[in-house]
Amino acid sequence: METDPIPVVTVQTTPFDDQKPGTNGLRRKTAVFESKKNYLQNYIQSVLSSIDLRDRQGCTMVVGSDGRYFSRTATEVIVQMAAANGIGRLVIGHNGLLSTPAVSCIIRKIKAIGGIILTASHNPGGPGGDFGVKFNVANGGPCPDTAMDRIYQVSRTLEEYAICPDLRIDLSRLGRHDFDLENKFKPFRVEIVDSVEVYLNLLRTIFDFNSIKSLLAGPEPLKMRIDAMSGVMGPYVRRILCDELGAPANSAVNCVPLEDFGGRPPEPNLTYAAPLVEAMKTGDFGFGAAFDADGDRYMILGQNGFLVSPSDSVAVMAANLSCIPYFRQLGLRGFARSVATSTALDRVAKGLKVAVYETPAGWRFFGNLMDSGRCSLCGEESFGTGSDHIREKDGLWSVLVWLSIMAAGKQGVELIVREHWAKLGRNYFCRFDYEGLDPRVAFYLMRDLEAVISDKAFPTQKFAVGEHVYSVERADNFEYIDPVDGTVARNQGLRVVFTDASRLVFRLSGSGGGTGATLRIYAESLERDPQRHSRETQAVLGPLIAIALKISDIHERTGRRGPSIIT
């Protein structure tokens, strides 16, 4: 116990007008947080003040980071401000590290009021990269729109923040650390905990670890390659896949968390995980996976570099959940997917006779469905899948589901996927991202496109592209009514559905870092004939993309010749 009470200081400040959190919290260039005086402090104060004072006094919060540059400095500020604002206890991962799924797990386990996660997900790290602050609420999930609005309203009028600048904490020292504060009756406690243990214990209750261990360390072990991409997942991969489940240590690469993620964006896709893709193409490995910086997103590869698309991944998981003890015991309550995710999951739900919910993009929309017992599994096309074991998408959980399916069926990744397609059809799917657009141009483009698809004559239109003729079945601006509390989310994406089940979706992304607008176009087409399941995705979807470009006029209006990224 400290001998002299630590003073609580009130610091005068001025509000910033750009601290409205997006889909994944507040993301900005690291330089904004690092160089703008009080920028971080203002936002942390806004988060803390958004919690009712009666709930805040003496409560417990969780803090973790993906290890990116500026995280240690920010964690120290959060500790100092939490103490000054009446928080009773902080639980922080060892060296400040906690994956996003682990934060959600710990919040639920210890019944914390919420948690602060320092991450910008798959965005680059380092001094020239991005930084983010995300607040998760008491159910362990991202804060809903109402909570984000409260944070923003506080930030707009903030005049002062409270801090204990003399409070110092060593994030490398596991255990409890108590601090006496001026004018506080109870000491402020910080607990530095093992980053993996609580999360690992939860996974043990979900999966048949013996079955997975026999796959990875049995007489004919599956050779795999796991890329932690120098993010937070390194310690989790080593402890769980290697130490616990028996995979050889050399199965895991880039497992030391680095502040700049080794100089590459920690994004698990074919572009940024290229070394993994090349290793898989050699045919030496039967299973490959990569994780993003904070561990909620993932990519699955089969032998010879066979990519499992995120939409296919959640559908295959849904069709095979009976091999997971957790779901055998609890049963299936329903599935959910974002509007931008392919409808492959819908056909699985129909076959299993369970409900499927279509939500706006953003994991927070799944929380109510899971809390009310309506949803067991949910997924997004942006490499995110999870279940009701926590309230976040969960990359390592997803990998363990795939390994469980492989162990149960004694099949490789590609065969599992192709058998799934043969039974239910293949949804060819792609996403075009137009990044860094002038926000006004993007806004008016979407406004005018909505006028086009809302015209009474539009549902009767036919589009001929080469040999293909697409007939519009319906078109709308997606509006979501939460089946639990009736809240309405409007303007969640423009949808055009064709009579052959093909779809186009247009939406403005809400997860950027303040560097212009991102407009995304999603295209999907269902192919039932197994003889046509090996075609090139862009060749199949080319006619649909041509329709999308025609009705949106995006190249003419933005001056672009093509998308920034094709996924």
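These numbers come from a predicted model, not from an experiment.

**Focus: the pattern of salt bridges**
Argument step 1. The full count for this structure, using the stated rule, is 33 salt bridges.
Argument step 2. Note that Asp292 is salt-bridged to Arg297, the shortest N-O span being 3.9 Å. No difference in accessibility class separates Asp292 from Arg297, as the two residues are buried.
Argument step 3. A cluster of three or more residues bridged by salt bridges with shared partners is formed by Arg337, Asp346, Glu358, Asp476, Arg495, Arg503 and Glu524.

**Remarks on the side chain of Arg426**
Argument step 1. Topologically, Arg426 is positioned in strand β19 (residues 426-437).
Argument step 2. Buried and without a salt bridge, Arg426 has Asp312 as its closest oppositely charged side chain, separated by 4.9 Å.
Argument step 3. Polar side-chain contacts of Arg426 include one of 2.7 Å to the backbone oxygen of His533.
Argument step 4. Once residues within four sequence positions are removed from consideration, Arg426 is found in contact with Trp421, Ser525, Leu526, Glu527, His533, Ser534, Arg535 and Thr537.

**Some points on the packing of aromatic side chains**
Argument step 1. In the structure shown here, the tally under the stated rule is 14 aromatic pairs.
Argument step 2. Relative to Tyr444, the ring of Phe443 lies with its centre 5.1 Å away and its plane at 75°, an arrangement referred to as edge-to-face.
Argument step 3. You can call Phe443 partly exposed: its relative accessible area is 47%.
Argument step 4. Of the residues examined, Tyr444 reaches a relative accessible area of 29% and is grouped as partly exposed.
Argument step 5. The residue whose ring lies beneath Lys223 is Phe285, and the NZ or CZ to ring-centre distance is 5.3 Å.

**Some words on the nonpolar core**
Argument step 1. Ranked by size, the top nonpolar core spans 74 residues in total, and within it Phe207, Phe287, Trp397, Trp402 and Leu403 carry the most contacts.
Argument step 2. Ranked by residue count, the leading element in this core is helix α15 (residues 395-409), at 10 residues.
Argument step 3. With sequence-adjacent residues up to four places away left out, Phe207 is seen in contact with Ile212, Ile324, Pro325, Trp397, Leu400, Val401 and Ser404.
Argument step 4. Tyr39, Ile44, Ile151 and Leu167 belong to the second-largest nonpolar core, a separate cluster that totals 49 residues.

**What about the packing of helix α7 (residues 197-206) against α15?**
Geometrically, a packed helix pair is captured by the angle between its two axes and the distance between the axes.
Argument step 1. With their axes 12 Å apart at the nearest point, α7 and α15 run at an angle of 30° to one another. Classified by the angle between their axes, α7 and α15 sit roughly parallel to one another. For the element pair α7 and α15, the recorded crossing hand is right-handed. Along the contact surface, α7 presents Tyr199, Leu203 and Ile206, while α15 presents Leu396, Trp397 and Leu400.
Argument step 2. Counted by class, the contact of α7 with α15 contains six nonpolar, no polar and no charged residues.

Parameters at a glance
- Residues numbered from 1 in each chain as written.
- Predicted model: local features only at pLDDT ≥ 70, side-chain atom pairs only at ≥ 80, totals over all residues.
- Heavy atoms only, no water.
- Salt bridge = Lys/Arg side-chain N within 4 Å of Asp/Glu carboxyl O.
- Buried < 20%, exposed > 50% of the residue type's maximum accessible area, 1.4 Å probe, protein only.
- Helix = DSSP H or I, 4+ residues; strand = E, 2+ residues; numbered from the N terminus.
- Lys, Arg positive; Asp, Glu negative; His and termini not counted.
- Polar contact = N/O pair within 3.5 Å; in protein donor to acceptor, adjacent residues only side chain to side chain.
- Contact = heavy atoms within 4.5 Å.
- Phe/Tyr/Trp six-rings, centres within 6.5 Å; stacked < 30°, edge-to-face > 60°.
- Lys NZ or Arg CZ within 6 Å of the ring centre and 35° of its normal.
- Core = buried A, V, L, I, M, F, W, Y, C linked by side-chain atoms within 4.5 Å.
- Axes fitted to C-alpha atoms, helices over the stretch in contact; angles between N-to-C directions.
- Parallel < 35°, antiparallel > 145°, perpendicular 65-115°, else oblique.
- Left-handed = near helix turned anticlockwise from the far one by under 90°.
- Nonpolar A, V, L, I, M, F, W, Y, C, P; charged D, E, K, R; others polar.

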